[in-house]
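# Examining the three-dimensional arrangement
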Amino acid sequence: MRIDVVSIFPSYFDGLTLSLLGRARSAGILELGVHDLRDWTSDRHRTVDDTPYGGGAGMVMKPEPWGLALDELAAASAPDRQTRPTIIFPSPAGEVFTQATARELSTRDHLVFGCGRYEGIDERVFEYAAALGEVRLISLGDYVLNGGEVATMAMIEAIGRLIPGVVGNPESLVEESHEDGLLEYPSYTKPSVWRERAVPDVLLSGNHAVIASWRREQQIERTRRRRPDLLPDDEG
Ligand code: 6GU
């Protein structure tokens with residue numbers, strides 16, 4: 001998979017060279033390009049924003065640098081891959097990102113993330129981008145961040161770890177929270193008693209069938225308590 005990120009703060013993405021995704025990049029499983037939007041400006045001040053038509057608070061990102069950036073990055077997708085990129089604009093006004101979204105996007109050949117700042121990006125950029133690829137406006141949840149950078153980091157990590165070969169043990173992927181619609185069961189390690197707290201007896205029993213059913217009950221119980229919205233009839 002190839003991922004391109006466009007941002008006015010490219011150094012936010014230095015963290016992606018670390019750990020799991022860093023290894024995937026070195027191994028050639030994941031190609032990552034991080035780009036400064038200002039490289040597609042041509043004025044002396046490298047201007048990326050301007051005042052909103054119709055008035056109102058804050059600044060809006062100008063369409064011209066975005067158009068040039070998307071043209072260039074989408075064209076890089078075409079020759080060898082013969083595919084159009086999926087172009088993602090992180091936005092609190094988008095569809096909510098879930099594990100299912102991460103799964104779906106992990107099968108794509110080329111993702112382009114366009115990180116907006118200020119009050120947003122000129123609306124015509126989203127319409128124009130639809131001619132270059134599939135456009136998705138995606139939100140992490142119902143709260144507001146200052147820009148798309150942190151949201152993009154989160155999405156790249158969630159998507160990247162689902163690409164075959166990125167996570168060493170694929171079994172560790174299936175037992176996680178949200179993969180089966182329930183929260184994960186509780187985990188324990190040694191010592192068996194710590195500060196007067198004992199590990200549940202069932203886990204020391206060696207009876208794998210009993211352990212499996214205990215874990216399932218724990219998943220259902222904590223989902224009911226913490227996230228009743230995930231259960232079929234929202235039964236709390
Ligand atoms: Cl994707 N962007 C911004 N700016 N704020 C958010 C978000 C995204 N998701 C939740 N809040």
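First, a word on what this report is: a plain description of the structure on this page.

Around the ligand, a shell composed of Pro90, Ser91, Pro92, Ile138, Ser139, Leu140, Gly141, Tyr143, Val144, Leu145, Gly147 and Ala151 is seen. Between the ligand and Leu140, the relevant distance is 2.8 Å, taken from a nitrogen atom to a main-chain nitrogen or oxygen of the residue. With the chains in place, 96% of the 280 Å² that the ligand exposes on its own is no longer accessible. For the shell around the ligand, the secondary-structure elements that each account for two or more residues are β5 (86-96) and β7 (134-139). Among the elements that line the shell around the ligand, the one with the most residues is β5, at three residues. Class assignment of the residues belonging to the shell around the ligand gives a composition of eight nonpolar, four polar and no charged.

With that settled, consider the pattern of salt bridges. Counted under the stated rule, the structure contains 17 salt bridges. The residue Arg136 makes a salt bridge to Glu95 at a minimum N-O spacing of 2.7 Å. With Arg136 in strand β7 and Glu95 in strand β5, this residue pair connects regions lying 41 residues apart in the sequence. Of the charged contacts, one joins Asp180 and Arg216 as a salt bridge, the two residues approaching to 3.2 Å between their closest N and O atoms. Here Asp180 is found in the loop between α7 (171-174) and β8 (193-194), whereas its partner Arg216 is found in helix α8 (residues 208-226), with 36 residues between them in sequence. Owing to a relative accessible area of 40%, Arg216 belongs among the partly exposed residues under this scheme. Overlapping salt bridges, with partners in common, bring together Glu95, Glu104, Arg108, Glu134 and Arg136 in one network.

Our next topic: α8. With 19 residues, α8 extends 26 Å between its outermost C-alpha atoms, agreeing within 8% with the 27 Å of an ideal straight helix rising 1.5 Å per residue. Ile211, Trp214, Gln219, Arg222 and Thr223 are the residues of α8 that are buried. Looking straight down α8, one finds that the buried residues subtend no more than 165° of arc, so they occupy a single side. Within α8, the exposed residues directed more than 90 degrees away from the buried face are Ala209 and Glu217.

A few words now on the nonpolar core. The tendency in soluble globular proteins is for nonpolar side chains to be buried side by side. Membership of the largest hydrophobic core comes to 27 residues, with the highest contact counts inside it found for Ile3, Phe113 and Ile159. Counting only elements with at least two residues in this core, the list comes to β1 (2-7), α1 (19-26), α4 (99-105), β6 (110-114) and α6 (149-160). Among the elements that line this core, the one with the most residues is α6, at five residues. Once you skip the residues sitting within four places of it in the chain, Phe113 turns out to touch Ile3, Asp4, Val5, Val6, Ile88, Thr152, Met155, Ile156 and Ile159. The next biggest cluster of nonpolar side chains, apart from the first, holds 19 residues, and it includes Met61, Phe89, Val125 and Phe126.

In this section: the side chain of Asp36. By the element assignment, Asp36 lies in strand β2 (residues 31-36). Within the structure, the side chain of Asp36 is placed 2.9 Å from the backbone nitrogen of Arg38, a separation counted as a polar contact. Excluding its chain neighbours within four sequence positions, the residues that come into contact with Asp36 are Ser7, Ile8, Pro10 and Arg46.

Scanning the model with the defined rule gives three aromatic pairs in all. Pairing Trp66 with Phe89 gives two aromatic rings, centres 6.3 Å apart and planes at 75°, and the pair type is edge-to-face. Highlighted residues: Trp66 in helix α2 (residues 63-75) and Phe89 in strand β5, separated in sequence by 23 residues. A relative accessible area of 0% means that Trp66 is categorised as buried. A relative accessible area of 1% means that Phe89 is categorised as buried. One aromatic cluster in this structure is built from Trp66, Phe89 and Phe126.

By way of backbone hydrogen bonds, the strands of a sheet pair with one another, either parallel or antiparallel. If you walk across this open sheet you meet the five strands as β2-β1-β6-β5-β7, and the pairing is parallel. Strands with a single pairing partner mark the edges of an open sheet, and in this sheet they are β2 and β7. Strand-to-strand twist in this sheet, taken as the mean axis angle between neighbours without regard to direction, amounts to 25°. Seen against the sheet, α6 touches β1, β2, β5, β6 and β7 and runs at an angle of roughly 160° to β6.

Cut-off values and rules
Residues numbered from 1 in each chain as written. Predicted model: local features only at pLDDT ≥ 70, side-chain atom pairs only at ≥ 80, totals over all residues. Heavy atoms only, no water. Near = heavy atom within 4 Å. Polar contact = N/O pair within 3.5 Å; in protein donor to acceptor, adjacent residues only side chain to side chain. Areas by Shrake-Rupley, 256 points an atom, 1.4 Å probe, with all protein chains shown as cover. Helix = DSSP H or I, 4+ residues; strand = E, 2+ residues; numbered from the N terminus. Nonpolar A, V, L, I, M, F, W, Y, C, P; charged D, E, K, R; others polar. Salt bridge = Lys/Arg side-chain N within 4 Å of Asp/Glu carboxyl O. Buried < 20%, exposed > 50% of the residue type's maximum accessible area, 1.4 Å probe, protein only. Expected span 1.5 Å × (residues − 1). Arc of directions from axis to C-beta. Core = buried A, V, L, I, M, F, W, Y, C linked by side-chain atoms within 4.5 Å. Contact = heavy atoms within 4.5 Å. Phe/Tyr/Trp six-rings, centres within 6.5 Å; stacked < 30°, edge-to-face > 60°. Pairing = 2+ DSSP bridges. Axes fitted to C-alpha atoms, helices over the stretch in contact; angles between N-to-C directions.

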